[in-house]
Amino acid sequence: MLLPYYIAGVLEAGCDEAGRGPLAGSVFAAAVILDTQHLDKPEWNVLNDSKQLTEKQRNELRPFIEEHALAWAVAEVTAEEIDRINILNASILGMQRALGKLSVQPQHIIVDGNKWKPYVPEGGLMEIPAQTVVKGDGKYLSIAAASVLAKTYRDEYMLRLHEEYPMYHWDNNKGYPTAAHYAAIKEHGISPYHRKSFNLKI
């Protein structure tokens, strides 16, 4: 099983995002606070970095996480916002938006990756201490849980967009830069959901 916390005895939120690399669609981010006293269910042993799980495992774990987490939230940053502030800033903004939606305020934050910005809750006076962890989604349960939520919510969103713009094959590529996606952009041009600041090979 992955590690239950970075600091013991505090309300700790794990944060991760999904969708930094695609050419189209929003980036989604999640924040999860776990009840570290109750991690005895076998599902916690399955939980891992969402990229190491099958789609079926992710879809089964999502309702489990939502039911058993102390608090969780998912947030979105649009392609338009990404173009305006760049994908790194958009990823951090998404995670901070998710933190702001939590029903319980964390006392400490752990973040997948190596970049972060000071986070002060709305109406708060103090920055919440945070720790970045490279490959944290494969080390800490709360970050792994956040990665699963962010990934599953983003995949659902891309399937909805596919119904609107089926020519880009977003049901398969989820907006990532595949040969079929580039070919569709060349043939049809870009959609309102494409990230104009990315290399779209037009």
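Right above here is the structure, for reference.
In this report, we go over the structure that sits alongside the text. These numbers come from a predicted model, not from an experiment. Residue indices begin from 1 for each chain and proceed along its sequence in written order. Only residues with pLDDT of 70 or above have their local features reported here, since the model is predicted, and side-chain atom pairs are shown and tallied only from 80 upward, although totals for entire chains, interfaces and linings are computed over all residues. To get the side-chain values, all heavy atoms of the structure are used, and hydrogens and water are removed first.

## Quick notes on the side chain of R154
With respect to the element layout, R154 can be found in helix α5 (residues 141-164). Under this definition, polar contacts are N or O atom pairs within 3.5 Å; protein pairs additionally need one hydrogen-donor-capable and one acceptor-capable atom, and for neighbouring residues in sequence, both atoms have to be side-chain atoms. A polar atom in the side chain of R154 sits 2.7 Å from the backbone oxygen of S26. Working rule for contacts: check all heavy atoms of both residues, and any pair within 4.5 Å makes them a contact. Dropping the residues within four chain positions of it, R154 is found in contact with A18, G19, P22, A24, G25, S26, F28, K174, Y176 and R195. Each helix is a run of H or I in the DSSP string that is no shorter than four residues. Each strand is a run of E no shorter than two, and both are numbered from the N terminus.

## Observations regarding a nonpolar patch on the surface
The grouping of Y6, I7 and V10 at the surface amounts to a nonpolar patch, some 220 Å² of accessible area in total. With respect to the helices, strands and loops of the structure, V10 is situated in the segment before β1 (12-18). Patch membership is restricted to residues that have no salt bridge and whose relative accessible area is over 30%. Joining uses 9 Å for like charges and 5 Å for the nonpolar side chains Val, Leu, Ile, Met, Phe, Trp and Tyr. Throughout, the Shrake-Rupley method with a 1.4 Å probe supplies accessible areas, and for residues the shown protein chains are the sole cover considered. A carboxyl oxygen of Asp or Glu within 4 Å of a side-chain nitrogen of Lys or Arg is what we treat as a salt bridge.

## Regarding the sheet that holds strand β3 (residues 71-77)
Taken in spatial order, the five strands of this open sheet run β3-β2-β1-β4-β5, and their pairing is mixed. Either end of the sheet is taken by a strand with one partner, and the two such strands are β3 and β5 (130-133). Shown here is a sheet whose adjacent strand axes are inclined to one another by a mean of 20°, direction ignored. Note: two strands are recorded as paired if DSSP finds a minimum of 2 bridges between them. Across four bridges, strand β4 (residues 108-112) lies against β5 in parallel orientation. Following the sheet pairing, I109 is matched in β5 by A130. Lying on the sheet, α5 is in contact with β1, β2 (27-33), β3 and β4; it crosses β1 at an angle near 35°. Each axis is a line fitted through C-alpha atoms, taken for helices only over the stretch in contact, and angles between the N-to-C directions span 0 to 180 degrees.

## Some thoughts on the side chain of D49
Mapped onto the elements, D49 comes out in the loop between α1 (43-46) and α2 (55-68). Classification of residues uses two cut-offs on accessible area relative to the type maximum, computed with a 1.4 Å probe and protein chains only: under 20% is buried, over 50% is exposed, and between them is partly exposed. The class of D49 is buried, set by a relative accessible area of 8%. What D49 contacts, discounting residues up to four positions off in sequence, is D137, G138, A144 and S147.

Function cannot be inferred from these measures alone, as they are strictly geometric.
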